[in-house]
Amino acid sequence: MELILIFISAAIVNNFVLAYFLGICPFIGVSNKLSSAFPMGLATTFVMVITAIVTWLIYHMILVPYDVVYLQYVSFILVVASLVQFVEMFIKKVSQPLYRALGIFLPLITTNCAILGLALFIVLKEYSFVEAIFYGVGAGAGFTLAISLMAGIREELELANVPRPFQGAPITLIVAGLLALAFMGFAGMISV
Amino acid sequence: MSDVTVTEAQNERELMLSTSPHLQSRWTTKQIMWFVNLALAPCVISAVLYFGFYQLLVIATAVIFAVGTEALIQKLTKKPIAVMDGSAVITGLLLGLIVPPNFSLVSTALGSIFAIGVGKMIFGGLGYNIFNPALVGRAFLQAAFPVAITTWTAPNYAVDSVSSATPLAALKFDGVSTAVGPLFFGNVGGSLGETSSIAILLGGIFLLVTGVANWRIPAAMTIGVIVFGGALWLIDPSYPSPIFHIFAGSFLFGAFYMATDYVSSPITGVGMWIYGLGIALVLVLIRVFGGLPEGVMYSILFMNAFVPLINRYTRPRIFGEVKS
């Protein structure tokens, strides 16, 4: 039960994009088409889950026993960067069109603060290994949900009569703000 | 030469070319909008009856600023000024009816400006908004004035405000339940238009009978609340009962006037059922487990965001289309 609550908390109540405002860069950059937004969400989810696992192991098996916790930022960033390289090679091999659609935003998962944030939150909240995995899956699912919703809305907005100064990024940021407003209703629902 | 021109002119008059689907509606958009305004009249009357004449001022402020903002933006963007279609009046009326009694007029005006400006006109005006504009305004007020918007005045005390809890807050924070009778007639604390179930049902049934509002969305929401709320109630009877869920708070108001908004609700029948059930699920979760006593506004806004995806995946197959 606790694990399910952690999942829901990370995915909906404390959604990384709409409640913590982390990972805004790909959220704005790749959300113009659902066909690229959803795979982007999956790629981020994959990186998040593996990051949660590897950084938990590094933190508890290496950093804490050898008393070098001050290295956590450096080591976490190293883990994230190499994982993203791995995902990039995988997607390039499996689907060239998807690789081209994601473009620069695929290597930029490295600098997606949501992922480093996830690793640091896991340390901060003192999660156990299994809890950390559920937290990673939840955070990824939440990111996928947010970016897919945004992509659906933006495809709809392409037909809308948005005044010219607001077209593109401005209206996207405004929609993101309204989405965050809608997600405020979940505030205080779960405190894990 | 002149003969040809005449024939062409005649053809233009006789043949009207348009692409399918060739659907016809009994009413124009303008007529529908004014029907909704008419249907809101009982709620306005109940608001004045229970909370005093000052509320008429609140509602009028909301309407005037909604219409004014829309007209101003249409003038600035050099579009035809179309405020007489009544849609801005609806937004103003709805917003005026979902603020607490004796709410400050300045805040009401700000809510109206935000609702029309950011909730509607920025997307291109009528027909393009993703979220229900009145709810956007209300959510803005909730975020900007969290204390003022949850200060409830007891009914029948027009000037000297006697604060009172809403039935949902009373149950959630103090464990005090309210009988169905006062909930039905509206003699309880709450937002202006939401307290009187009978006034809402009067207007709501008018909308359903005339076909202005689609019956599927209120039906799906009611069934959803009975199922989800009932299941939790059976597990633990200290949770609100399904009847309480329906008659307390702004469930009925949201079901009839907010969720049925044409622009921000799905267009397919199946989509409407998914949308209504989704609102009910989120609503029950917020009311039972959330930090806030009421969740109608947030649950509708939340499902508004899903509408483009719902429309996309419930689109009926085109006749003759082959599954790929």
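## Overview of the overall build of chain B
Scanning chain B for helices and strands turns up 15 helices and 0 strands. The C-alpha radius of gyration computed for chain B amounts to 22 Å, which stays within 12% of the reference 20 Å derived for 324 residues, consistent with globular compactness. Here the C-alpha coordinates of chain B stretch approximately 85 × 50 × 30 Å along the principal axes. Within chain B, the fraction of its 324 residues that count as buried is 52%. Entry remark: accessible area of chain B is about 15300 Å², with carbon and sulfur atoms responsible for 69%. On chain B, the mean spot of the 15 positive side-chain charges and the mean spot of the 13 negative ones are 5 Å from each other.

## Thoughts on the overall build of chain A
The number of helices and strands found in chain A is 8 helices and 0 strands. Mapped from its N terminus to its C terminus, chain A presents α and β elements in the order α-α-α-α-α-α-α-α. Since a compact globule built from 192 residues should have a radius of gyration of about 16 Å, the 17 Å found for chain A is in line with a globular shape. With the principal axes as the frame, chain A shows a C-alpha extent of 60 × 40 × 25 Å. Split into buried and exposed, the 192 residues of chain A put 51% on the buried side.

## Describing the environment of Leu171 of chain B
All names here are of chain B. If you trace the backbone, Leu171 turns up in helix H8 (residues 167–174). The spatial distance from the C-alpha of Leu171 to the C-alpha of Asn304 is 28 Å, given a sequence separation of 133 residues. In this structure, Leu171 is in contact with Val176, Ser177, Pro240 and Phe244, ignoring residues within four places of it in sequence.

## With respect to the interface of chain A and chain B
With 29 residues of chain A at the interface, the matching set in chain B holds 30 residues. For the pair chain A and chain B, the summed buried surface comes to about 2500 Å²; carbon and sulfur atoms form 79% of the total. It is Leu178, Leu181 and Met189 of chain A in chain A that bury the most area against chain B; as a group they hold 21% of the surface buried on that side. Our enumeration of links across chain A and chain B arrives at 1 salt bridge. With its nearest N and O atoms 2.2 Å apart, the salt bridge here joins Glu155 of chain A to Arg312 of chain B.

## Here we look at the side chain of Thr61 of chain B
For Thr61 of chain B, the position within the fold is in helix H4 (residues 54–76). Setting aside residues no more than four positions away along its own chain, Thr61 of chain B makes contact with Leu105 and Ala109 of chain B.

## Re the confidence of the model for chain A
The predicted model of chain A has a mean per-residue pLDDT of 88, with 99% of residues at 70 or higher. At the low end of the mean pLDDT range in chain A sits helix H5 (residues 96–102) of chain A, at 81; at the high end sits helix H7 (residues 129–157) of chain A, at 93.

## Notes on the layout of surface pockets
Taken as a whole, the largest pocket spans an internal volume of roughly 570 Å³. Along the wall of the largest pocket there are 21 residues; nearest its centre are Glu156 and Leu159 of chain A together with Ile267, Pro308 and Asn311 of chain B. Looking at the lining of the largest pocket, the elements that each hand over two or more residues are H7 of chain A together with helix H15 (296–313) of chain B. Element by element, the count of residues in the lining of the largest pocket is highest for H15 of chain B, at 5 residues. Here the lining of the largest pocket is built from residues that sort into 10 nonpolar, 7 polar and 4 charged.

## Examining helix H2 (residues 29–39) of chain B
Residues and elements named next belong to chain B. Those residues of H2 that fall on the buried side of the exposure criterion are Ile32, Met33, Val36, Asn37 and Ala39. Summarising the axial view, the buried residues of H2 lie within an arc of 165°, below the 170-degree limit, and thus occupy one face. Buried-residue contacts for H2 involve helix H3 (41–51), helix H5 (87–97), helix H10 (197–210) and helix H13 (251–258).

## Overview of the pattern of salt bridges
All names here are of chain B. Using the criterion set out here, one finds 4 salt bridges over all chains in the structure. Close ionic contact of Glu294 with Arg287 constitutes a salt bridge, the shortest N to O distance being 2.8 Å. Arg287 gets classed as buried once you look at its relative accessible area, which sits at 4%.

## Some remarks on empty space enclosed by the protein
All names here are of chain B. Scanning all chains against the criterion turns up 2 cavities of 30 Å³ or more. Lining the largest cavity are 21 residues, with Met33, Ile90, Tyr257, Asp261 and Tyr262 positioned closest to its centre. Elements supplying a minimum of two residues to the lining of the largest cavity: H2, H5 and H13. The leading source of residues in the lining of the largest cavity is H5, at 4 residues. When the residues that make up the lining of the largest cavity are grouped by side-chain class, the tally is 14 nonpolar, 5 polar and 2 charged. There is about 40 Å³ of room inside the second largest cavity. As for the second largest cavity, its lining consists of Pro167, Leu183, Val188, Gly189, Gly190, Glu194, Thr195, Phe247, Ala248 and Gly249. For the lining of the second largest cavity, a count of residues per class yields 5 nonpolar, 4 polar and 1 charged.

## Thoughts on the packing of H2 of chain B against H10 of chain B
All names here are of chain B. Taken N-terminus to C-terminus, the directions of H2 and H10 make an angle of 155°; their axes are 8 Å apart at the nearest point. When the interaxial angle is binned, H2 and H10 end up roughly antiparallel. Residues Phe35, Val36, Leu38 and Ala39 of H2 form the contact with H10, whose own contacting residues are Gly203, Phe206 and Leu207. For the contact of H2 with H10, the per-class residue count stands at 6 nonpolar, 1 polar and no charged.

## What about the nonpolar core?
Membership of the largest hydrophobic core comes to 134 residues, with the highest contact counts inside it found for Phe27 of chain A together with Phe253 and Tyr257 of chain B. Per-element accounting of this core gives the leading share, 12 residues, to H15 of chain B. Not counting residues up to four positions away in its chain, the partners in contact with Phe253 of chain B are Leu40, Cys43, Leu94, Leu97, Ile98, Gly193, Glu194, Ile200 and Met258 of chain B. Membership of the second largest hydrophobic core comes to 9 residues, among which are Tyr59, Val68, Leu83 and Ala119 of chain A.

## Comments concerning unusual backbone geometry
Positive phi is not limited to glycine here, since Phe21 of chain A has a value of about 60°. Tracing the backbone through its elements, the reader meets Phe21 of chain A in the loop between helix H1 (2–13) and helix H2 (24–29). For Phe21 of chain A, a relative accessible area of 53% gives the class exposed. For Asn102 of chain B, which is not a glycine, the phi torsion comes out positive at approximately 60°.

Rules and cut-offs
Residues numbered from 1 in each chain as written. Chains lettered and ligands numbered in written order. Predicted model: local features only at pLDDT ≥ 70, side-chain atom pairs only at ≥ 80, totals over all residues. Heavy atoms only, no water. Helix = DSSP H or I, 4+ residues; strand = E, 2+ residues; numbered from the N terminus. Rg over C-alpha atoms; globule rule 2.2 N^0.38 Å. Buried < 20%, exposed > 50% of the residue type's maximum accessible area, 1.4 Å probe, protein only. Areas by Shrake-Rupley, 256 points an atom, 1.4 Å probe, with all protein chains shown as cover. Lys, Arg positive; Asp, Glu negative; His and termini not counted. Charge placed at Lys NZ, Arg CZ, Asp CG, Glu CD. Contact = heavy atoms within 4.5 Å. Buried area = accessible area lost by both parts, 1.4 Å probe. Salt bridge = Lys/Arg side-chain N within 4 Å of Asp/Glu carboxyl O. pLDDT = per-residue confidence, 0-100. 1 Å grid on protein atoms, 1.4 Å probe; cavity = no way out; pocket = protein on both sides within 12 Å on 5 of 7 lines; lining within 4 Å. Points joined across faces, edges and corners; volume = space filled by probe spheres on them. Nonpolar A, V, L, I, M, F, W, Y, C, P; charged D, E, K, R; others polar. Arc of directions from axis to C-beta. Axes fitted to C-alpha atoms, helices over the stretch in contact; angles between N-to-C directions. Parallel < 35°, antiparallel > 145°, perpendicular 65-115°, else oblique. Core = buried A, V, L, I, M, F, W, Y, C linked by side-chain atoms within 4.5 Å.

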